[in-house]
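So the chains spell out like this:
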Protein chains: 2
Amino acid sequence: MEIFLKNSAWSKLGSYLKDTQILGSIQSTLYWDQNTVMPKNGSSWRGEQLTYLAKILHARNSSDEFLNLINLAKTELNESSDCLNEENSSKKKNIELLNKEFDRQRKLDPKLVANLAKAKSQGYESWQNAKRNSDFKIFLPYFEELIILRREEANQLSDKLSPWETLAQPYEPDINKDWLFNIFNPLKESIPSMLEEIKEIDKKKWDIDSSAQQVLCNKLLDNFGRNEDLVAIAESPHPFSITLGPKDYRITTRVVKGEPFSSFLATAHEWGHSIYEQGLPNETHQWFAWPLGQATSMAVHESQSLFWENRIVKSKAFSRSFFQYFLQSGCPLKNYEELWKSMNIIKPGLNRVEADELSYGMHILIRTELEIELIEGNLKAKDLPFEWNKKYKELLGIEPCNDVEGCLQDVHWSEGAFGYFPSYLIGHLISAQLTHQLEKDIGLIDQLIDNNDYQTIINWLKKNVHCHGRSLNAMELVKKISGNELSSKFFLDYLKHKIDQLN
Amino acid sequence: MEIFLKNSAWSKLGSYLKDTQILGSIQSTLYWDQNTVMPKNGSSWRGEQLTYLAKILHARNSSDEFLNLINLAKTELNESSDCLNEENSSKKKNIELLNKEFDRQRKLDPKLVANLAKAKSQGYESWQNAKRNSDFKIFLPYFEELIILRREEANQLSDKLSPWETLAQPYEPDINKDWLFNIFNPLKESIPSMLEEIKEIDKKKWDIDSSAQQVLCNKLLDNFGRNEDLVAIAESPHPFSITLGPKDYRITTRVVKGEPFSSFLATAHEWGHSIYEQGLPNETHQWFAWPLGQATSMAVHESQSLFWENRIVKSKAFSRSFFQYFLQSGCPLKNYEELWKSMNIIKPGLNRVEADELSYGMHILIRTELEIELIEGNLKAKDLPFEWNKKYKELLGIEPCNDVEGCLQDVHWSEGAFGYFPSYLIGHLISAQLTHQLEKDIGLIDQLIDNNDYQTIINWLKKNVHCHGRSLNAMELVKKISGNELSSKFFLDYLKHKIDQLN
């Protein structure tokens, strides 16, 4: 029971991590404030506050003191009498993850770290500028620099994984390209022809008053069982979910003119992220600060948000149960089937964020293939617009008129974030595979929705998915829950069934 | 021009102060979040974040490094060639103020500091408990401890000022008792008989819908010229104004059921605090961090909020100009005169926060006399309820039924804050004396309001009051602007005139 001994190496490491977590959560609070309420002119000083915190945090995460505390805790753990009990094995996993991150911080040449920070901020700025002017050439030199620097980073970090794989690790631990294409290829083979089967639906133009949308979002969260003492909500330009403390969760949404479902679906999506974080191991403050108390990967995170957005809210049963509230909000649709169809319009477009469930995967495939070629293949940065447009034509049958509609649309690469995109699609696959198991265990989702029984769904998710934190990576988690390796089968089955229903 | 030399002792001191200010403003951001949007269960972790920051801030403000930087800057300044120009005299004042605060921090025995921190938090907790149970005895032992410790603090800090005077310095620099009673006594002599002259007005019961109150508050701020890029607003349990950065100001208000003017008057009040802070010297980030860039005293701060609440919003001209908006909000009053009278009901009550302009002074006088007796006189803590009730009977002709209505109503003493109360009343006096000069300089307020010309008022305040920061204390500021020492004459004249109008 040395975890409770005040002077053990373990508890000293815990105190250190807790202080780091306090600083990190302060940073998150400033981020939340910046995006929900801060007046515009506050941004320059906010930047100074964030830079100051980032400096302290970086120093803490790469200090000799930290390394020493990790090593002492490791020794203490190895000397402990019963090495094989569950508590000790959790501790070992914690140490392993801490070591891995520490190594990452220390392996990098500080000069490279400084150059990267600068290149990221210049990249983001020039990308915004390029977007405003719809001119990829403005962004190009900074984009090239970012690619060079991140290749160098991959080089300094690893000799086992390929450069792109190395860069993808922080988002998706243990990911590799073979595994990835093994699960992505069936999608690439099936989805384009499935898209052709879709009967086009007339998209009627209508809208819901902004305050009525707020009422709907609140009603949704109430139904899902939000605890107001635990979860606060606000509006922000881009919806997000963030955790500010072990018992302090925040969700934002936004109202988009002419898109009556936008704020509603975003609320469901962010709820999914938040309820995952709420279910992470957090019996004590300590857990919040240790690696095992954190989310395991971006894909798992995304699987949870997509589950609530697509499997719950976009289901027929849900439209049936919520149609009355849409009517009250002034929605002009005649019955719940119309509501359901309006929420499920499938039509390939150029924009990833606005994509439907079916074409979404193609947007991700295109980006994944392109970024691998950019980082470790033969694709030159200057040829990106041409290749981008070519792939859209091939896979979705449409072509951007300009780079704003095309390769300049996403923020990720402008900040040098390579390796992030696949998580979105893996999230879809995980969601489908877990939902399959969930329905086996607790019954059909439609029935649970009919009974307004979201608590049973949440309990299942908490018990099977959320509670593991980082003790299992995404692949291990899916295997443990479903008994099978992650595959695209369940997602494709789900899509086929949905198309049949819609047609 | 050594202020611009990067390696001068002056600029090193500036960098140090800026980092301190960054941390302080982060603390303020957490406070804002806590009071406006944080979910209830977040409070324990928020407490940990705030404790962590307080620890770092205290260390910075009492460190050898800081002392050394102050001394080096002082030496550099003394060695500078032209000691008498304006820039150098500002610098000298800055150093003087830094030295004073540093001395205060260092003179205190760290043991006493720790004991005080504990006693304050216990005091606050037991006060809440005592209030809930309407039982002063629950609070008494903690209150006694706080008095003993703060006496000891005064003892360690000063040998020139009396103990109460020493404790009052952080709120009201250079205050002393003789000066204070010299300006307060005429109020004590006149107000009780003035209260007897008041004709009682029937207070009709009516209310405004909470969202309509929000509209009114926004309209008010728009009229006053709020810049939305600079000032954000929100709701909180207790209205406050706070500055989070050199260009980031926040205001809160609250809606009180059955009190249709509460949120409106609070908005005007907090606007006054905020516009003062917005007018402080802030040409560069540096100023924000230096003492001269800060508000000079609580009384001056309060004079600014009271000016907007009482001199502007409670004026007849304002009711005339805003009656249309009150009508639109569903207010049942018939004309602007009724509106004006409803905002200016004068009737002695037991509660300070809800008091009218006339009786307010008596609430403060009672508290000021009592706390001086508690700290340096013969009043024993256990006798406070009796003395409190006696004074209310004497000065306001009414008596509390219990201690919740009486000596337990305010938070200040529960946290050991002695010396704060007089600032509220001095604020009324300053507001009256400055308004007298303002009208001499730019014409009658009623006329400016009729012309919706708030900008001329703001410009006068900025130029004459706000821009001085801490270069002048409250008394010096009033003397400079009005040509006379601060006196109660202008406030009493104003009150007499108002009563005549109302009767």
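Throughout this document, residue positions are counted from 1 along each chain, in the order its sequence is written. Chain labels run from A onward and ligand labels from 1 onward, assigned in the order the entries are written. With pLDDT at 70 or above as the cut-off, local features in this predicted model cover only qualifying residues; side-chain atom pairs require 80 or more to be listed or tallied, and sums for whole chains, interfaces and linings still use all residues.

Peer 1: Explain the overall build of chain A here, please?
Peer 2: Where helices and strands are cited, they refer to DSSP runs of H or I of at least four residues and of E of at least two residues respectively, numbered from the N terminus. Assigned secondary structure in chain A consists of 21 helices and three strands. Taken against the 2.2 N^0.38 rule, which gives 23 Å for 503 residues, the C-alpha radius of gyration of chain A at 23 Å falls within 12% of a compact globule. For the C-alpha atoms alone, the extent of chain A along its principal axes is close to 70 × 55 × 50 Å. In chain A, which comprises 503 residues, the share counted as buried stands at 39%. Considering only contacts within chain A whose residues lie at least 6 apart along the sequence, 71% involve residues at least 24 apart. Computation of the radius of gyration draws on C-alpha atoms alone. For the globule rule, the value is 2.2 Å times the number of residues to the power 0.38. Field definition: a residue is buried when 20 or more other C-beta atoms are found within 10 Å of its C-beta, exposed when 12 or fewer are, and partly exposed for counts in between, with C-beta atoms placed from the backbone. For every residue pair, C-beta atoms are placed from the backbone, and the pair is scored as a contact if these atoms sit within 7 Å.

Peer 1: Would you mind going over the packing of helix α9 (residues 210–224) of chain B against helix α10 (residues 262–279) of chain B with me for this structure?
Peer 2: Between two packed helices, both the angle of their axes relative to each other and the distance between the axes serve to describe the pair. All names here are of chain B. Only the stretch in contact is used when a helix axis is fitted, and all axes are lines through C-alpha atoms; the angle between N-to-C directions ranges over 0 to 180 degrees. Orientation of α9 relative to α10, taken along the N-to-C sense of each, is 30°, at an axis distance of 9 Å. As far as their axial angle goes, α10 and α9 are roughly parallel. In this structure, the crossing between α9 and α10 has a hand that is right-handed. Only Ser263, Phe264, Thr267, Ala268 and Trp271 of α10 make contact with α9, whose side of the interface consists of Gln213, Leu216, Cys217, Leu220, Leu221 and Phe224. By definition in this entry, angles of less than 35 degrees are roughly parallel, angles greater than 145 are roughly antiparallel, angles of 65 to 115 are roughly perpendicular, and the rest are oblique. Two helices that cross are described as forming a left-handed crossing if the nearer one is turned anticlockwise from the farther one by less than a right angle, and a right-handed crossing if clockwise.

Peer 1: I'm lost on the pairing of strand β2 (residues 241–245) of chain B in this one. Help?
Peer 2: Along any regular strand the residues' side chains alternate between the sheet's two faces. Residue and element names in this part refer to chain B. Of all the five residues making up β2, four are buried; the element is thus mostly covered by neighbouring parts of the structure. Note: two strands are recorded as paired if DSSP finds a minimum of 2 bridges between them. Relative to strand β3 (residues 248–253), β2 runs antiparallel, the two sharing four bridges. Across the sheet, residue Ser241 finds its bridge partner in β3, namely Ile251.

Peer 1: I'm lost on the pairing of β3 of chain B in this one. Help?
Peer 2: Residues and elements named next belong to chain B. Among the six residues of β3, six are classified as buried, and the element is accordingly described as predominantly covered. Pairing of strand β1 (residues 231–235) with β3 involves five bridges; the strand directions are parallel. From the neighbouring strand, Val231 faces β3, where its bridge partner is Tyr249.

Peer 1: How should I be thinking about the interface of chain B and chain A in this particular structure?
Peer 2: The extent of an interface is frequently quoted as the accessible surface area lost upon association of the parts. At the junction of the two partners, chain B supplies 30 residues and chain A supplies 29 residues. Contributing elements (two or more residues each) for the side of chain B that touches chain A: α1 (9–36), α2 (43–61), β1 and β2 of chain B. Take the side of chain B that touches chain A: its biggest share by element is seven residues, from α1 of chain B.

Peer 1: Please explain the sheet that holds β3 of chain B as it appears in this structure.
Peer 2: Remark on secondary structure: sheet strands pair via backbone hydrogen bonds, oriented parallel or antiparallel. Residue and element names in this part refer to chain B. Taking strand neighbours across the sheet as the criterion, the three strands line up as β1-β3-β2 in an open arrangement whose pairing is mixed. With partners counted over all chains shown, the strands left at the sheet margins are β1 and β2, one partner each. Taking the axes of each pair of neighbouring strands and ignoring which way they run, one obtains an average angle of 25° across the sheet. Relative to the sheet, α1 contacts β1, β2 and β3, its axis offset from that of β2 by approximately 135°. Sitting on the sheet, α10 touches β1, β2 and β3, and the angle it makes with β3 is about 160°.

Peer 1: Whenever I open this one, the sheet that holds strand β1 (residues 231–235) of chain A confuses me. Can you help?
Peer 2: All names here are of chain A. Pairing within the open sheet is mixed, and its three strands lie in the order β1-β3-β2. Whereas interior strands pair on both sides, the edge strands pair on one side only; in this sheet they are β1 and β2 (241–245). Within this sheet the neighbouring strands show an average axis-to-axis angle of 25°, counted without direction. Lying on the sheet, helix α10 (residues 262–279) is in contact with β1, β2 and β3 (248–253); it crosses β3 at an angle near 160°.

Peer 1: Help me out: how do you make sense of helix α15 (residues 357–376) of chain A in this one?
Peer 2: The α-helix advances 3.6 residues per turn, and as a result positions three or four apart in sequence lie on the same side. Its 20 residues give α15 of chain A an end-to-end C-alpha distance of 30 Å, which sits within 8% of 28 Å, the value for a rise of 1.5 Å per residue. Within α15 of chain A, 15 of the 20 residues are buried, leaving the element largely enclosed by the surrounding structure. Under the convention used throughout, the expected extent of a helix is 1.5 Å for every residue step, that is, one less than its residue count.

Peer 1: Looking at this structure, I do not really get the relation of the copies chain B and chain A. What am I missing?
Peer 2: The two chain copies are connected by a rotation around an axis plus a translation along it. Here the copies are matched by least squares. The fit uses the C-alpha atoms of residues with pLDDT of at least 70 in both. In the superposition of chain B on chain A (RMSD 0.0 Å, axial shift 0.0 Å), the rotation amounts to 180°. Expressed as a symmetry operation, the mapping of one chain copy onto the other fits a two-fold axis. Residue by residue, 97% of the interface of chain B is reproduced at the interface of chain A, so both copies engage with the same surface.

Peer 1: So what exactly am I meant to see when it comes to the domain arrangement of chain A here?
Peer 2: Residues and elements named next belong to chain A. For chain A, the domain assignment lists domain 1 (2–160) and domain 2 (210–344 + 443–473). Boundary definitions for the domains trace back to an automatic or database domain assignment. Taken over C-alpha atoms, the centre of domain 1 sits 28 Å from the centre of domain 2. The interface is formed by 16 residues belonging to domain 1 together with 18 residues belonging to domain 2. Here the side of domain 1 that touches domain 2 gets 11 residues from one element, more than from any other, and that element is helix α1 (residues 9–36).

Peer 1: Any chance you could explain unusual backbone geometry here in plain terms?
Peer 2: Residues and elements named next belong to chain A. Here Asp174, not a glycine, exhibits a phi torsion of approximately 70°, which is positive. As for its position among the elements, Asp174 is in the loop between α7 (163–168) and α8 (177–197). For Asn452, which is not glycine, the phi dihedral falls at a positive 55°. Mapped onto the fold, Asn452 is located in the loop between α18 (445–450) and α19 (454–464).

Peer 1: So what exactly am I meant to see when it comes to the environment of Arg150 of chain B here?
Peer 2: Residue and element names in this part refer to chain B. Within the secondary structure, Arg150 is located in helix α6 (residues 136–157). In the structure, Arg150 is positioned 268 residues away from Phe418 in sequence and 8.5 Å away in space, judged by C-alpha atoms. Those residues within four positions of Arg150 in sequence are excluded, and the remaining contacts are Leu167, Ile375, Gly416 and Phe418.

Peer 1: How should the packing of α1 of chain A against α1 of chain B be read in this particular structure?
Peer 2: Relative to each other, α1 of chain A and α1 of chain B sit at 65°, their axes nearing to 10 Å. The element α1 of chain A and its partner α1 of chain B pack so that their crossing is left-handed. From α1 of chain A, Ile26, Thr29, Leu30 and Asp33 of chain A reach across to α1 of chain B, where they touch Ile26, Thr29, Leu30 and Asp33 of chain B. Amino acids are sorted into nonpolar (Ala, Val, Leu, Ile, Met, Phe, Trp, Tyr, Cys and Pro), charged (Asp, Glu, Lys and Arg) and polar (every other residue, Gly among them). A per-class count over the contact of α1 of chain A with α1 of chain B returns four nonpolar, two polar and two charged.

Peer 1: I keep staring at the environment of Phe490 of chain A and nothing clicks. Help me out?
Peer 2: Residue and element names in this part refer to chain A. Inspection of the secondary structure assignment puts Phe490 in helix α21 (residues 489–502). In the structure, Phe490 is positioned 106 residues away from Leu384 in sequence and 33 Å away in space, judged by C-alpha atoms. In contact with Phe490, other than residues within four places in its own chain, are Ala432, Gln433 and His436.

Peer 1: What is the right way to look at the environment of His497 of chain A in this model?
Peer 2: Residue and element names in this part refer to chain A. Within the fold, His497 resides in helix α21. Residue class for His497 comes out exposed when judged on the 10 C-beta atoms lying within 10 Å of it. Remark: the alpha-carbon pair of His497 and Met194, spanning 303 residues in sequence, is separated by 11 Å.

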